[in-house]
Every structure is written in C-alpha cells, then in structure tokens.
Amino acid sequence: MTQSIILASASPRRSELLESAGINFRVVPADICEDPLPGEEPVDHVLRLAEGKARAASAKTEGRFFLGADTIVLCDGEIMGKPKDHDDAFRMLKKLSGVPHEVVTGFAIYDRERDGAVVKAVRTKVYFKQLRDEEIESYIATGCPFDKAGAYAIQGGAAHMVQKIDGSYTNVVGLPLCEVVEQLRVMGALPQ
C-alpha cells in the first residue's frame, strides 16, 4: 500500500517530476530561511535545507513521509541560488559561460512514524557553451532565470546553452528522481 507522501516544495518542476514517475503526493510548501550559515560547506547547506523543509512541512499537516529538497549551482566555490535581480542573473550566467559547474541537490525524506530522516545529496556536472551577452540578455528577458538556482532552467529556455552533462538530468531540473524514488521504496512509502 502506498503511504501518504507530502512534497515540501512549491516548485512546479519537482511536482512535474514526481507526477512523471506516477507518484501520488500532496504539496505543502515549507517556508524556511535559505541563507547559508557562516562557513557552511555547499553540500551541508543543501542537506540542512532539504531536511529543514521536510520537517517544517511535517509541522503543518498530517502525513507520514515528507520530501524536502534544495538545489544549488556551484561554480568556482560560489553557491549560486536564485538571482536577486537582472544584474545578479546576468552576473551568474556570465560566470557559468564556457566553464563546467556543478548542480547539487540535497533531498530529505522524513518519516514521521519513525521520527527519522534519510538525507542525501546528488551532484551533476554541467557544461555551458560560451554565451554571448545578447544571448544572456535575451534569456533574462523571458523572466525564466528569476526563480531558478544559477539563473537557468535546463528543461526550459536554457537548454540550448548546455553542451553536455555528466550525471542525473532530473537532478539539474531540481530533484534526482531515480535516487528519490528508490529511497521512497526502501522506506516503505512506495510498493517494492
């Protein structure tokens, strides 16, 4: 029997990915502070936020399994979250231009019945082509970059910017689906 699964995220991309896997779930967004802690390593940051979101959602609603996730883009040691404005988006895309970077997604599945969470991170290397300033401006004008880590969406208007990836495609979209589904099965949230 499928147990209740709550997605602690308002991200339409995460919902679409879970739906594509045929998973029944409810969305209960978790609103937590996403600022990095002083000296916090990038992987520790996404793991902390993923678990924080899962636990915050569990405090708001009934259910057994709570899935939280957080995605960052990591380039030359800089954690790139969602851009603050046009200039920030331009700066991020210019920095990613022509250089490999990493997309790191932390996910946490909190099991209320057992009062414990499994927390993991998945890393994918992404290679952008060299971007012209006009391409960057044109992409920013679509409005797409503003709610995306690193100011881009691989599944949307930025697909033509990506030369190749090494690792999970769905991780770059915002949820490493293979790993999440497998962990939900192991924990008993999905049938074996």
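In this report, we go over the structure that sits alongside the text.

What counts, and at which threshold
- Residues numbered from 1 in each chain as written.
- Predicted model: local features only at pLDDT ≥ 70, side-chain atom pairs only at ≥ 80, totals over all residues.
- Heavy atoms only, no water.
- Core = buried A, V, L, I, M, F, W, Y, C linked by side-chain atoms within 4.5 Å.
- Buried < 20%, exposed > 50% of the residue type's maximum accessible area, 1.4 Å probe, protein only.
- Contact = heavy atoms within 4.5 Å.
- Helix = DSSP H or I, 4+ residues; strand = E, 2+ residues; numbered from the N terminus.
- Salt bridge = Lys/Arg side-chain N within 4 Å of Asp/Glu carboxyl O.
- Phe/Tyr/Trp six-rings, centres within 6.5 Å; stacked < 30°, edge-to-face > 60°.
- Lys NZ or Arg CZ within 6 Å of the ring centre and 35° of its normal.
- Arc of directions from axis to C-beta.

## Notes on the nonpolar core
- With 46 residues, the main nonpolar core has Phe128 and Tyr152 as its most contacted residues.
- Beyond its immediate sequence surroundings of up to four residues, phenylalanine 128 is in contact with Leu93, Leu96, Ser97, Gly98, Val99, His101, Tyr152, Met161, Val162 and Gln163.
- Listed in part, the 10 residues of the second largest apolar core include Ile6, Ala54, Ala108 and Tyr110.

## Some thoughts on the environment of valine 173
- The topology assignment puts valine 173 in helix α5 (residues 169-173).
- In sequence terms valine 173 and threonine 105 are 68 residues apart; their C-alpha atoms lie 9.5 Å from each other.

## Description of the pattern of salt bridges
- This structure, assessed with the given rule, holds 18 salt bridges.
- A salt bridge links glutamate 34 to lysine 53; the nearest nitrogen and oxygen atoms lie 3.5 Å apart. Taken together, the residues span a long stretch of sequence, with glutamate 34 in the loop between β2 (26-27) and α2 (42-58) and lysine 53 in helix α2 at a distance of 19 residues.
- Classification of glutamate 34 as partly exposed rests on a relative accessible area of 35%.
- Note on lysine 53: relative accessible area 7%, which makes it buried.
- The residue glutamate 135 makes a salt bridge to arginine 132 at a minimum N-O spacing of 3.4 Å.

## Overview of the packing of aromatic side chains
- In this structure the tally under the stated criterion is two aromatic pairs.
- Here the aromatic rings of phenylalanine 66 and tyrosine 110 are separated by 6.3 Å at their centres, their planes lie at 40°, and the arrangement is tilted. Residue phenylalanine 66 is located in strand β3 (residues 65-75), and its partner tyrosine 110 is located in strand β5 (residues 100-111); the two are separated by 44 residues in the primary sequence.
- Assessed through its relative accessible area of 7%, tyrosine 110 is described here as buried.
- With a centroid separation of 4.7 Å and an interplanar angle of 65°, the aromatic rings of phenylalanine 128 and tyrosine 152 are classed as edge-to-face. Taken together, the residues phenylalanine 128 in strand β6 (residues 116-128) and tyrosine 152 in the loop between α4 (133-141) and β7 (162-166) connect sequence positions 24 residues apart. For the pair phenylalanine 128 and tyrosine 152, a shared accessibility class is recorded, and that class is buried.
- Here the guanidinium or amino end of lysine 164 rests over the ring plane of tyrosine 127, the centre of that ring lying 4.7 Å away.

## Some words on the side chain of serine 15
- Tracing the backbone through its elements, the reader meets serine 15 in helix α1 (residues 12-20).
- Given a relative accessible area of 12%, serine 15 falls into the buried group.
- Excluding its chain neighbours within four sequence positions, the residues that come into contact with serine 15 are Leu7, Phe25 and Val27.

## A short note on helix α3 (residues 86-96)
- Along α3, the positions that sit buried rather than exposed are Asp88, Ala89, Phe90, Met92, Leu93 and Leu96.
- Looking at the packing, one finds that the buried side of α3 touches β3, β4 (78-80), β5, β6 and α4.
- Immediately downstream of α3, the backbone of glycine 98 shows phi near 75°, a positive value.

## Re helix α6 (residues 177-186)
- Of the positions making up α6, those classed as buried are Leu177, Val180, Val181, Gln183 and Leu184. Each buried residue of α6 sits inside an arc of 165° when the element is viewed along its axis, so together they form one side. Exposed and facing more than 90 degrees away from the buried side of α6 are Cys178 and Val186.
- Those residues of α6 hidden inside the fold are in contact with β1 (5-7), α1, β3, β5, β6 and α5.
- The positive-phi residue at the C-terminal boundary of α6 is glycine 188, with phi of around 90°.

## Focus: the environment of serine 11
- Positionally, serine 11 belongs in the loop between β1 and α1.
- Considered as a pair, serine 11 and proline 29 are 18 residues apart in the sequence and their alpha carbons are 8.6 Å apart.

Note that every value here comes from positions in space, so none of it alone points to a role or purpose.
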